[in-house]
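Now for the letters of each chain:
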Amino acid sequence: MGRIGDLESKVLAVSRPTPTQANAAMLLQGNAVTRLLLVTGGHVRVHRAALANGPTMLLDILGAGDLVALEDLVVGSRSHATYLCGPKLASVRAISLADFARLRAENPRIEQAVVWTIATQLRERDAALALASHKVRNRVIMFLRWLAAAHGREDTETGAVLIDVGFTQPDIAAAVGAAPAQVSAVLSSLRDNGFIAIGYRSLHVLADLRKAVDGVSAAGNGSPPG
């Protein structure tokens, strides 16, 4: 739920662990939402296809404290996206729809957290859409900045930020709407100029990526995918 903070204990109390498999779908686009899933560890990817049987685009990445298909539950619709466990196993707990409805009715702060989360998601996705007209280099850089801010772990000694969500270059290409070869060229340039270090399905941000953006002023904490 964005970050439910001190409300997490109330949600956890009515949830139960549910098994997951790496790279497996938790919920498919178009399917009914029969329960709510709370991510407690690892990462869950949110994908959407614009057309039936068409390619999918990465919309978001959920981490600890986020709820799967929250927006669909609120409007009472089928899932608008497909939710996939990341390549590293995610920890997830299931909450019945009845239990969550009771929590929302009994605790106004839960309802406030729901509204805040959905509003934040809309703002972040609007920011990402605004990048659509920018060159691939800037889209990749701003996506990396968002990943670092949302899911990175900072080394307090060196200041480097580890992004370890199991992404490949084709994954980044799907997130920013570019060809994998274009993404590879941008990452190589950033590496060669000392901005990042590339590992297996991970990378370290070594310097302020805003300085690598071409032609515009990069404010804020970056933009999310999709």
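A.B. asks: Help me understand the packing of helix α6 (residues 169–176) against helix α7 (residues 180–192) in this model?
C.D. replies: Across the interface, α6 lies against α7 with an axial gap of 8 Å and an inter-helix angle of 105 degrees. By the angle class used here, α6 and α7 are roughly perpendicular. Contact residues: Gln169, Pro170, Ile172, Ala173 and Val176 in α6; Pro180, Val183, Ser184 and Leu187 in α7. Among the residues forming the contact of α6 with α7, the class breakdown is 7 nonpolar, 2 polar and no charged.

A.B. asks: Mind showing me how you'd approach the packing of aromatic side chains here?
C.D. replies: Ring pairs (aromatic) are described by centroid distance and by the angle formed between their planes. Inspection of the entire model under this criterion finds 2 aromatic pairs. A centroid spacing of 5.8 Å and a plane angle of 10 degrees characterise the contact between Phe143 and Phe167, whose relative ring orientation is stacked. Of this pair, Phe143 sits in helix α5 (residues 136–151) while Phe167 sits in the loop between β10 (161–163) and α6, and the two are 24 residues apart along the sequence. As far as burial versus exposure is concerned, Phe143 and Phe167 are alike and both buried. The structure contains a cluster of three or more aromatic residues connected by ring pairs, namely Phe143, Trp146 and Phe167.

A.B. asks: Quick question: what am I supposed to make of the sheet that holds strand β6 (residues 67–68) here?
C.D. replies: Where strands meet in a sheet, backbone hydrogen bonds hold them as pairs that are either parallel or antiparallel. Taken together, 4 strands build an open sheet; the order of strands is β1-β8-β3-β6 and the sheet is antiparallel. Each end of this open sheet is capped by a strand with a single partner; those strands are β1 (15–18) and β6. Where β1 meets strand β8 (residues 91–96), 4 bridges bridge the pair, whose relative direction is antiparallel. Bridge pairing in β8 links Arg16 to Ala94. Of the strands in this sheet, β3 (35–41), β6 and β8 touch helix α3 (residues 97–106), which is tilted by about 80 degrees from β8.

Parameters and conventions
Residues numbered from 1 in each chain as written. Predicted model: local features only at pLDDT ≥ 70, side-chain atom pairs only at ≥ 80, totals over all residues. Heavy atoms only, no water. Axes fitted to C-alpha atoms, helices over the stretch in contact; angles between N-to-C directions. Helix = DSSP H or I, 4+ residues; strand = E, 2+ residues; numbered from the N terminus. Parallel < 35°, antiparallel > 145°, perpendicular 65-115°, else oblique. Contact = heavy atoms within 4.5 Å. Nonpolar A, V, L, I, M, F, W, Y, C, P; charged D, E, K, R; others polar. Phe/Tyr/Trp six-rings, centres within 6.5 Å; stacked < 30°, edge-to-face > 60°. Buried < 20%, exposed > 50% of the residue type's maximum accessible area, 1.4 Å probe, protein only. Pairing = 2+ DSSP bridges.

Interpretation in functional terms is not warranted from these geometric data alone.
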